[in-house]
Amino acid sequence: MKRLLATAIALPFLCATAQADPAQVSRIFTHANLNVPFKKLERLTGKPVKVEPGRRHYQVGQCLIRADNDDGDNKTVTSLTLKVSPDCTFDLSQLVKAPKGTYVHDLTFMKFAQVKHVGAMAIPCLDLCNAPHPFVHMSWQGGADEKYLQIDIENDINTPESREAADQWIQDTKQLEGGKYHPNGIAWTDKHYRRGLTFFKDIPITTIQIGYCFLDACNP
């Protein structure tokens, strides 16, 4: 899978952060702000607080938003990433088929799985990997009727509940593999990924990325 690195948003602390306007975040996370120049997006986000090759970071109120270019031209926005909270949210139904009022800050992994009919989770590093930013995630890509839009949801495993879920997944995998188990040395298959949802079904997401070209396929 192309997507193996965490998409956690790291931004410098600002001296002061204004209260976010949820409507402003909703205006940003639309089809109209994908496959457009960064400068057009910045009419809504303001200037970036950090710029990297093919990537720009914005702070809209207290909301952390990242815009990426994943197709190599470094000029257009192909995906948008949001650090999710009750004040930093948007209605998923304005981008894909979902019940109206499916706000992303209310999403758990099971809710997303039910809305978009997916069931497999992934974890880049499950056991004894010393990853600086451990996380679990679930990915989806729509068909032509949803403009091949791609979504990736994450939890960054930083609460007691998410850590317990990760530990349960580790123990389950050890039992499943028996003597063949080695930390992060097993051949992960669909059966492993699907079992993860058992433990993370009620865990909320902390980050969502939505757009094109950041998963295996690129069909904008």
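Just so we're clear, the structure is a prediction, and the values are computed from it rather than from any experiment.

A.B. asks: Can you help me understand the nonpolar core in this one?
C.D. replies: What tends to happen in soluble globular proteins is that the nonpolar side chains get buried as a cluster. Grouped together as the largest cluster of nonpolar side chains are 45 residues, with contacts concentrated most on Phe29, Leu82, Leu92, Phe109, Ile151, Phe200 and Ile208. If we ignore the near neighbours within four places in the chain, the residues touching Leu92 are Thr102, Val104, Leu107, Phe112, Ile151, Ile208 and Ile210.

A.B. asks: Just checking my understanding: could you explain the confidence of the model for the protein for this structure?
C.D. replies: Put simply, the protein has an average pLDDT of 85, and 84% of its residues get 70 or more. Of the regions scoring below 50 in pLDDT, residues 1-17 engages in 45 contacts with residues more than four places distant in sequence or in other chains.

A.B. asks: Looking at this model, I keep getting lost on the state of the cysteines. Mind explaining?
C.D. replies: In protein structure, a disulfide is the covalent linkage between the sulfur atoms of two cysteines. What the rule picks out here adds up to 1 disulfide. The side chain of Cys63 participates in a disulfide bridge whose partner is Cys88; the two sulfur atoms lie 2.1 Å from each other. Looking along the S-S bond of the Cys63-Cys88 disulfide, the torsion reads about -90°, which is the left-handed sense. Here the residue Cys63 occupies a position in strand 4 (residues 63-68), and Cys88 occupies one in the loop between strand 6 (79-83) and helix 3 (109-116), the gap between them amounting to 25 residues. Note on Cys88: relative accessible area 3%, which makes it buried.

A.B. asks: I tried to follow the packing of aromatic side chains on my own but got confused; where do I start?
C.D. replies: Inspection of the entire model under this criterion finds 3 aromatic pairs. Taken together, a centroid distance of 4.5 Å and an interplanar angle of 10° make the contact between Phe29 and Phe90 stacked. Taken together, the residues span a long stretch of sequence, with Phe29 in the loop between helix 1 (22-28) and strand 1 (36-37) and Phe90 in the loop between strand 6 and helix 3 at a distance of 61 residues. No difference in accessibility class separates Phe29 from Phe90, as the two residues are buried. When the centroid spacing of 6.0 Å and the interplanar angle of 75° are considered together, the rings of Phe109 and Phe200 count as edge-to-face. Here Phe109, found in helix 3, pairs with Phe200, found in helix 5 (residues 190-200); they are 91 residues apart in sequence, far enough to count as distant.

What counts and how
Residues numbered from 1 in each chain as written. Predicted model: local features only at pLDDT ≥ 70, side-chain atom pairs only at ≥ 80, totals over all residues. Heavy atoms only, no water. Core = buried A, V, L, I, M, F, W, Y, C linked by side-chain atoms within 4.5 Å. Buried < 20%, exposed > 50% of the residue type's maximum accessible area, 1.4 Å probe, protein only. Contact = heavy atoms within 4.5 Å. pLDDT = per-residue confidence, 0-100. Disulfide = S-S within 2.5 Å. Helix = DSSP H or I, 4+ residues; strand = E, 2+ residues; numbered from the N terminus. Phe/Tyr/Trp six-rings, centres within 6.5 Å; stacked < 30°, edge-to-face > 60°.

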